[in-house]
Amino acid sequence: MAEIKLAADIRTEFGKGAARTVRRENKVPGVIYGHGTEPVHVTLPGHELLLALRTPNVLLSLDIDGKNELAIPKAVQRDAIKGYLVHVDLLLVKRGEKVTVEVAVETEGDLAPGSFLVENVLNTLSVEAEATHIPTSVTVSIAGLEAGDAIHAKDVTLPSGTTLVTDPDAAVIQILAAQAEEPAAETEDEAAEA
């Protein structure tokens with residue numbers, strides 16, 4: 001996982017008006033907290049932060065008044081209509097520290113021949129990993145699976161140094177048989193017309 005470097009400025013004004021002013025300057029208001037320290041209110045460059053957040057569980061290297069801090073996104077608020085960033089909460093982390101995060105589940109391979117459907121019961125798995133080695137996703141093979149087969153959380157292969165937090169017996173993927181729609185029965189009027 002790559003670290004993305006961003007410059008953060010400490011914020012001294014608070015409230016809706018101050019936040020709107022920050023957003024007009026193409027910046028995003030945020031709060032950095034963790035490790036028993038007082039929360040630090042900052043502004044971050046909007047475009048660079050938006051690009052960084054495209055990577056799930058991204059590790060941010062923040063330059064705050066000459067001091068370098070590592071953080072991961074904890075909560076991101078977006079405008080419901082336009083999609084721009086409204087506010088971000090960042091959690092301070094240290095190198096070597098273990099953190100619990102949600103990791104996306106991706107599938108690969110082809111099902112057995114036939115009419116089967118893949119049901120993603122869980123789209124993410126909760127895992128514990130070192131803050132500087134958080135996987136972006138885990139891949140599950142569905143090759144050759146048929147209706148009635150299931151993959152549980154304990155069956156998912158995790159990268160080294162990563163441990164499962166999700167219930168091991170939780171179903172992640174289920175394979176279902178596709179159900180064909182029964183042909184509608186002819187009514188007496190349709191039969192008479194034929």
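Nothing here was measured: the structure is a model prediction, and the numbers come from that model. Along each chain, residue indices are assigned from 1 in the same order as the chain's sequence is written. It should be noted that, the model being predicted, local features are given only for residues of pLDDT at least 70 and side-chain atom pairs only at 80 or more, the latter also being counted only at that level, while totals for whole chains, interfaces and linings use all residues. Side-chain numbers here rest on the full set of heavy atoms in the structure, without hydrogens or water.

Participant: How would you summarise the pairing of strand E10 (residues 137-141) if you had to cite specific residues and measurements?
Facilitator: Residues in a regular strand project their side chains so that they alternate between the two faces of the sheet. Note on classification: 1.4 Å probe, protein chains only; a residue is buried when its accessible area is under 20% of the maximum for its type, exposed when over 50%, partly exposed between these limits. Counting from the N terminus, the helices are the DSSP runs of H or I reaching at least four residues and the strands are the DSSP runs of E reaching at least two. Residues Val-138 and Val-140 of E10 are buried on one face, while the alternating residues Ser-137, Thr-139 and Ser-141, pointing to the opposite face, are not. Across five bridges, strand E7 (residues 98-108) lies against E10 in parallel orientation. Residue pairing for E10: Val-105 is matched across the bridge by Val-138. Two strands make a pair as long as DSSP finds a minimum of two bridges between them.

Participant: Please set out the nonpolar core residue by residue, giving values where relevant.
Facilitator: Here the nonpolar core consists of buried residues drawn from Ala, Val, Leu, Ile, Met, Phe, Trp, Tyr and Cys, with membership extended through side-chain atoms lying within 4.5 Å. The biggest cluster of nonpolar side chains holds 23 residues, and the ones touching the most others in it are Ile-72 and Leu-125. Elements with a minimum of two residues in this core: strand E5 (67-78), strand E6 (85-93), E7, strand E9 (124-130), E10 and strand E13 (171-177). Counting residues per element, this core draws most heavily on E7, at four residues. Here, two residues are considered to be in contact whenever any of their heavy atoms come within 4.5 Å of each other. When sequence neighbours within four positions are dropped, the list of residues in contact with Ile-72 reads Val-58, Leu-59, Asp-89, Leu-90, Leu-91, Val-93, Val-99, Val-101 and Ile-134. Val-42, Leu-49, Leu-53 and Val-58 belong to the second largest nonpolar core, which has 18 residues in total.

Participant: Provide a residue-level description of the pattern of salt bridges, including the pertinent values.
Facilitator: Each reported salt bridge corresponds to a side-chain nitrogen of Lys or Arg within 4 Å of a carboxyl oxygen of Asp or Glu. Taken as a whole, this structure holds three salt bridges when the rule is applied. Notably, a salt bridge pairs Asp-9 with Lys-27, separated by 3.4 Å at the nearest N-O pair. Placement of Asp-9 in strand E1 (residues 3-10) and of Lys-27 in strand E2 (residues 27-34) is noted, with a sequence separation of 18 residues between them. You can call Asp-9 partly exposed: its relative accessible area is 37%. Taking relative accessible area as the criterion, Lys-27 reaches 27% and is therefore assigned partly exposed. Between Lys-67 and Glu-69 there is a salt bridge whose closest N-O contact spans 3.3 Å.

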